[in-house]
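Examining the three-dimensional arrangement
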Amino acid sequence: MLVFIPAETRAGELRVGLTPEGAQKLIKLGLSVTVQEGAGEASGYHNDEYKAVGADVAAGSGTLSSADVVATVRPLANEQISQLKSSAITISFLSPANDAQTIKALADQKVTALSFDVLPRISRAQSMDALTSQALCAGYRTVLIAAERAPKFFPMLMTAAGTIPPAKVLVLGAGVAGLQAMATAKRLGAIVSAYDVRASSADEVKSMGATFLDLGLDEVEGAGGYAREMTPERAKAQQDALKKFISESDVVITTAAVPGRKAPTLITSDMMNAMKPGAIIVDLAAESGGNVEGSVAGQDVKLNVPGGSITLIGCKDLASQLAVHASKLYAQNVVSLLTLMTAEGVVTPDYSDEVVQGSAVVFNGEVKNAMSREALNLPALATGESE
Ligand SMILES: NC(=O)c1ccc[n+]([C@@H]2O[C@H](COP(=O)([O-])OP(=O)(O)OC[C@H]3O[C@@H](n4cnc5c(N)ncnc54)[C@H](O)[C@@H]3O)[C@@H](O)[C@H]2O)c1
């Protein structure tokens, strides 16, 4: 069976769906791999490296029409979807609600579309968890961005010319990205503290060498170990309690998310007004609505505060900025998912498998994901039929 890796089409996307190392693993599984010429260039993986492991390199995206499996990072564009054969399987990130029109196009083309956005986060599927692998890259990048823009050192320095105190870094949201941000800031020598609405994250925060802020508020934990959406009253109480800690910080990194919802607002203009001149806020959630009032994905905003200004950085394409390693990890996620579904060189997704069922937003042309069905005004499926 043929696996095709087209070039990514979204502006700013530097990652690739499969590396040469990943291609080699798929070939060992008995699959054939064709990569669109130049697909890996932006992430540092060259045509010759794919050829050296036995993959084919084809000019243009014509192979889409004969491919059995198509793996990309971002969802395919509609003009690519229209070229797929009806039994094809696509693997990519695909937001069940936000990419509903793409999901409809995939269903109309009668394919099976597997999305890493909804892959079950069970231990058996850890090696396939692209949300985690890419959040790791994003969390790391936030700290480097902050360190580069901050007008201060992160570590404490004792020099003949005087002593420099360490920077105070506050991380809001202690999921995969937040924990990686804490670890990275700690390695740079900062004093790190963190807050999350899930009380269960306190031990993980401590294991990163950071201090967990106990705000004395109720925890807001929902199903599956994820946060729930807060009530306006709970959100206001959290903002009030965090204001003091934010005003004392040199760097604030926000990483909070609630699955399927707009990112929660954690920092208001009023809270920013109390910050120290020169302080930096890096909003990792800027692309999904933002954790900070006024943050714009891909833009820096300077805000005047008494005595100077602070910088609010709205992040965009963070994992893509680490394209070599983000692609390496992503490719392993793709290989692991395909390994689960492949026997004797044939890819056959088994819908009774929890991992396949959870990730299949479309299966054999039918929209299966409940959120996607709602977004497309389709009636709900009977229990056991939808994700
Ligand atoms: N394979 C696995 O078992 C596996 C893999 C990855 C993550 N997880 C778990 O899934 C959970 C979520 O991880 P994620 O990184 O995808 O999270 P996420 O990206 O959905 O959210 C990031 C963090 O923001 C927090 N948050 C939400 N609203 C907040 C608010 N108002 N204030 C402060 N923090 C807020 C969440 O609690 C979460 O920790 C964690 O418990 C993580 O350990 C499990």
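Residues numbered from 1 in each chain as written. Predicted model: local features only at pLDDT ≥ 70, side-chain atom pairs only at ≥ 80, totals over all residues.

The protein is annotated in an unreviewed UniProt entry as proton-translocating NAD(P)(+) transhydrogenase from freshwater metagenome. Quoted verbatim from the Catalytic activity (unreviewed entry) field of UniProt, the annotation for the protein is "NAD(+) + NADPH + H(+)(in) = NADH + NADP(+) + H(+)(out)". (UniProt positions renumbered as here; feature names shortened; annotations may be inferred.)

As a further point, take the packing of helix H5 (residues 130–149) against helix H6 (residues 176–187). Interhelical geometry of H5 versus H6 gives an angle of 40° and a closest axis separation of 7 Å. Between H5 and H6, the interaxial angle falls into the category oblique. Here H5 runs over H6; the crossing is right-handed. Residue-level inspection shows Thr132, Ala135, Leu136, Ala138, Gly139, Tyr140, Thr142 and Val143 of H5 in contact with H6, the latter providing Val176, Ala177, Gly178, Leu179, Gln180, Ala181, Thr184 and Ala185. Tallied by class, residues from the contact of H5 with H6 come to ten nonpolar, six polar and no charged. (Axes fitted to C-alpha atoms, helices over the stretch in contact; angles between N-to-C directions. Helix = DSSP H or I, 4+ residues; strand = E, 2+ residues; numbered from the N terminus. Parallel < 35°, antiparallel > 145°, perpendicular 65-115°, else oblique. Left-handed = near helix turned anticlockwise from the far one by under 90°. Contact = placed C-beta atoms within 7 Å. Nonpolar A, V, L, I, M, F, W, Y, C, P; charged D, E, K, R; others polar.)

Now for the site of the ligand. Around the ligand lies a shell of 29 residues, among which Gly173, Gly175, Val176, Ala227 and Ala256 are the nearest. Within the residue set of the shell around the ligand, elements represented by two or more residues are H5 and H6. Of the residues belonging to the shell around the ligand, the class tally is 17 nonpolar, eight polar and four charged. In terms of domain composition, the shell around the ligand takes at least three residues from each of domain 1 (2–129 + 323–375) and domain 2 (138–316). (Near = placed C-beta within 6 Å. Domains from an automatic or database assignment.)

With that out of the way, let us pick up the sheet that holds strand S12 (residues 251–254). The strand order across the open sheet built from seven strands is S11-S10-S9-S12-S13-S15-S14, with neighbouring strands paired in mixed fashion. The open sheet terminates on both sides in strands that have one partner only, identified here as strand S11 (211–212) and strand S14 (300–305). Examined bridge by bridge, S12 and strand S13 (residues 280–283) share four bridges and lie parallel to one another. Residue pairing across strands places Val251 opposite Ile280, the latter belonging to S13. The strands that H6 touches are strand S9 (168–172), strand S10 (191–195) and S12; relative to S10, the one it contacts most, it runs at about 165°. (Pairing = 2+ DSSP bridges.)

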